[in-house]
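Listed below, chain by chain, are the residues.
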Amino acid sequence: MDFKDFNFNPDLLEGLLAMGFRNATPIQEQAIPLILADKDLIACAQTGTGKTGAYLLPVMNKISLQENRHNNTLILAPTRELAQQIDLQVEALSYFTNISSLTVYGGGDGIAYEQQKRSMREGVDIIIATPGRLISHLSSGLLKLDQLQHLVLDEADRMLDMGFYDDIMKIISFLPEKRQTVLFSATMPPKIRTLAAKLLQNP
């Protein structure tokens, strides 16, 4: 399926074409229309299948069409490395769409932490975070996510394997009930189904 068939914002489509992307992968072909239609989604996809694009492209398209974009989307990732990888893809596409992003994870220096705080006060379009560091910002009151529209859990099975279940549920308590939730996982064990049943509406 050609990316032109998704009826993306022209700026986003231009960015995809400029980066050499023409055709959607199978997971993108299945997930993008559902996310564009505001459906909650649970998807099984391995690394390397284009899963990041499967949620980033429709979410960025929706953001580009909105006026009120303050802290619009939260993407939770299990590791700093994955959060950085996702942010690189956002940055590449934001050159064409003027969409802002912020990564929030532990282990940085004091300068990085101050930059995070400033960006949170000002508001960004997409926040990409590991659960632990995000909770410290939410608990301090520095970060407000009461206007959030999209929540994405990437590599959800890995997050649960790393013991983040309670952290995820605590983060959820700071989010509005009315939101779109998308969950991507490489495997679908019972604990993922349990988590999906708590977080997603008719996925």
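Counting of residues starts from 1 at the beginning of each chain's written sequence and follows it residue by residue. The predicted nature of this model means local features are confined to residues of pLDDT at least 70 and side-chain atom pairs, given and counted, to a pLDDT of 80 or more, with totals for whole chains, interfaces and linings taken over all residues. Excluding hydrogens and water, the side-chain values take into account all heavy atoms of the structure.

Any residue under 20% of the maximum accessible area for its type is buried, any over 50% is exposed, and the rest in between are partly exposed; the area is computed with a 1.4 Å probe on protein chains only. A helix here means a DSSP run of H or I that spans at least four residues, while a strand means a run of E at least two residues long, and both kinds are numbered starting from the N terminus. Side chains L41 and A43 of strand β1 (residues 41-44) all project onto a buried face; the interleaved residues I42 and C44 project onto a face where none is buried. Judged from the four bridges that link them, β1 and strand β6 (residues 180-185) form a sheet pairing that is parallel. Its bridge partner lying in β6, I42 is registered against L183. Here, a strand pair is defined by DSSP locating no fewer than two bridges between the strands.

Right, let's get into helix α8 (residues 165-172). Every buried residue of α8 is accounted for by I168, I171 and I172. Along the axis of α8, the buried residues cluster in a sector spanning 105 degrees; they form a single face. Of all possible arcs, the one meant is that of the directions from the helix axis to the C-beta atoms.

Before going further, it helps to spend a moment on the environment of N61. On the secondary structure map, N61 appears in helix α3 (residues 51-64). The sequence separation of N61 and G15 amounts to 46 residues, and the corresponding C-alpha distance is 12 Å. Apart from residues lying up to four places away in sequence, N61 is in contact with F8, N9, L12 and L36. By definition, residues are in contact when any of their heavy atoms lie within 4.5 Å.

Below, the discussion takes up the sheet that holds strand β5 (residues 150-153). Pairing in this open sheet of six strands is parallel, and the strands run β1-β6-β5-β2-β4-β3 from one edge to the other. The two strands at the open ends of the sheet, each matched to only one other strand, are β1 and β3 (101-104). For this sheet, the mean inter-axis angle between neighbouring strands, taken without regard to orientation, is 15 degrees. Relative to the sheet, helix α4 (residues 80-97) contacts β2 (73-76), β3 and β4 (126-129), its axis offset from that of β3 by approximately 175 degrees. Every axis corresponds to a line fitted to the C-alpha atoms, with the helix fit spanning only the stretch in contact, and the corresponding angles, defined between N-to-C directions, vary from 0 to 180 degrees.

That's the geometry; what it means functionally is another story.
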